[in-house]
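Notes for the structure review
Each chain is listed here by its residues.
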Amino acid sequence: MTTKESRYETLVAQVAALIEGETCRMSVLANVTAALHDAFPEIFFWVGFYMVEDGELRLGPFQGPVACMHIACGKGVCGTAWAEKRTLVVPDVEDFPGHIACSSLSRSEIVVPVFGRGGSVKAVIDVDSCSLGAFDEVDARYLEKIAKNLSKELAL
Ligand code: SME
């Protein structure tokens, strides 16, 4: 197991503990962003949730600089992950057509959908890095696991 994987294993357990017995969704999501940020402070420049509300993505709990508050379906990396219902790993944000630049420091990112019970997207997890190519299939696998646990336990 790589260092990265072992850090994610610890993070997955920590997120499970944060979810356990809690019903206040926003409080849990806020703590999950803090746990994510703390797990990889040197890589995760911005980490947060965008929630599907009234047909758009709205900024939810996050760690990092001020970010855009509304994203339409199909727009930017977040809106595309929502529209296509899949994880997107973007090694260089400048190569992604329509990328929404909330901060010029962000160079690469990963966006993971959080599905509700019926299979619709209820939220996305957005993680940005100041480094190019910061994310790979290991990040995708573990962030998808965290997204699944959140949707299951919080009935998103
Ligand atoms: N990068 C996102 C916008 C949100 S900020 O990065 C926090 C996108 O293109 O969807």
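Per an unreviewed UniProt entry, the protein is named Free methionine-R-sulfoxide reductase, and its organism is Segatella buccae. Under the UniProt heading Sequence similarities (unreviewed entry), the note attached to the protein is "Belongs to the free Met sulfoxide reductase family."

Examining unusual backbone geometry
Phi at Asp54 is positive, roughly 50 degrees, even though this residue is not glycine. Topologically, Asp54 is positioned in the loop between β1 (46-53) and β2 (56-63). The exposure class assigned to Asp54 is exposed, which follows from its relative accessible area of 70%. Backbone geometry places Lys85, a non-glycine residue, at a positive phi of 55 degrees. Mapping Lys85 onto the fold places it in the loop between α3 (76-84) and β4 (88-90). Residue Lys85 is classed as partly exposed on the basis of its relative accessible area of 45%.

Considering the packing of helix α1 (residues 3-19) against helix α2 (residues 25-39)
One can describe the packing of α1 onto α2 by two numbers: an axis separation of 10 Å at closest approach and a directional angle of 165 degrees. By the criterion of interaxial angle, the relationship of α1 to α2 is roughly antiparallel. Classified by chirality, the crossing of α2 by α1 is right-handed. Only Val28, Asn31, Val32, Ala35, Leu36 and Ala39 of α2 make contact with α1, whose side of the interface consists of Arg7, Leu11, Gln14, Val15, Leu18 and Ile19. The residue inventory of the contact of α1 with α2, partitioned by class, reads nine nonpolar, two polar and one charged.

Structural notes on the packing of aromatic side chains
Tallied over the full model, the rule gives six aromatic pairs. With 4.7 Å between their ring centres and 45 degrees between their planes, Tyr8 and Phe40 make a pair best called tilted. Of the two residues, Tyr8 is situated in helix α1 and Phe40 in the loop between α2 and β1; the sequence distance between them amounts to 32 residues. Neither Tyr8 nor Phe40 differs from the other in exposure class; each is buried. On the basis of an interplanar angle of 25 degrees and a centroid distance of 6.0 Å, the ring pair of Trp46 and Tyr50 is categorised as stacked. Judged by relative accessible area, which is 1%, Tyr50 ranks as buried. Ring-pair connections join several aromatic residues into one group, and the members of that group are Tyr8, Phe40, Phe44, Phe135 and Tyr142.

Description of the site of the ligand
In the neighbourhood of the ligand, the contacting residues comprise Trp46, Tyr50, Ala67, Gly76, Val77, Cys78, His99, Ile100, Cys102, Glu109, Asp126 and Asp128. Within the contact set of the ligand, an oxygen atom lies 2.9 Å away from a backbone nitrogen or oxygen of Val77. With respect to the ligand, the side chain of His99 contributes an N or O atom lying 3.5 Å from a nitrogen atom. Isolated, the ligand exposes 310 Å² of accessible area, and the fraction of that covered by the protein chains is 99%. Elements represented by at least two residues in the shell around the ligand include exactly β1, α3 and β6 (121-129).

Rules of the game
- Residues numbered from 1 in each chain as written.
- Predicted model: local features only at pLDDT ≥ 70, side-chain atom pairs only at ≥ 80, totals over all residues.
- Heavy atoms only, no water.
- UniProt positions renumbered as here; feature names shortened; annotations may be inferred.
- Helix = DSSP H or I, 4+ residues; strand = E, 2+ residues; numbered from the N terminus.
- Buried < 20%, exposed > 50% of the residue type's maximum accessible area, 1.4 Å probe, protein only.
- Axes fitted to C-alpha atoms, helices over the stretch in contact; angles between N-to-C directions.
- Parallel < 35°, antiparallel > 145°, perpendicular 65-115°, else oblique.
- Left-handed = near helix turned anticlockwise from the far one by under 90°.
- Contact = heavy atoms within 4.5 Å.
- Nonpolar A, V, L, I, M, F, W, Y, C, P; charged D, E, K, R; others polar.
- Phe/Tyr/Trp six-rings, centres within 6.5 Å; stacked < 30°, edge-to-face > 60°.
- Near = heavy atom within 4 Å.
- Polar contact = N/O pair within 3.5 Å; in protein donor to acceptor, adjacent residues only side chain to side chain.
- Areas by Shrake-Rupley, 256 points an atom, 1.4 Å probe, with all protein chains shown as cover.

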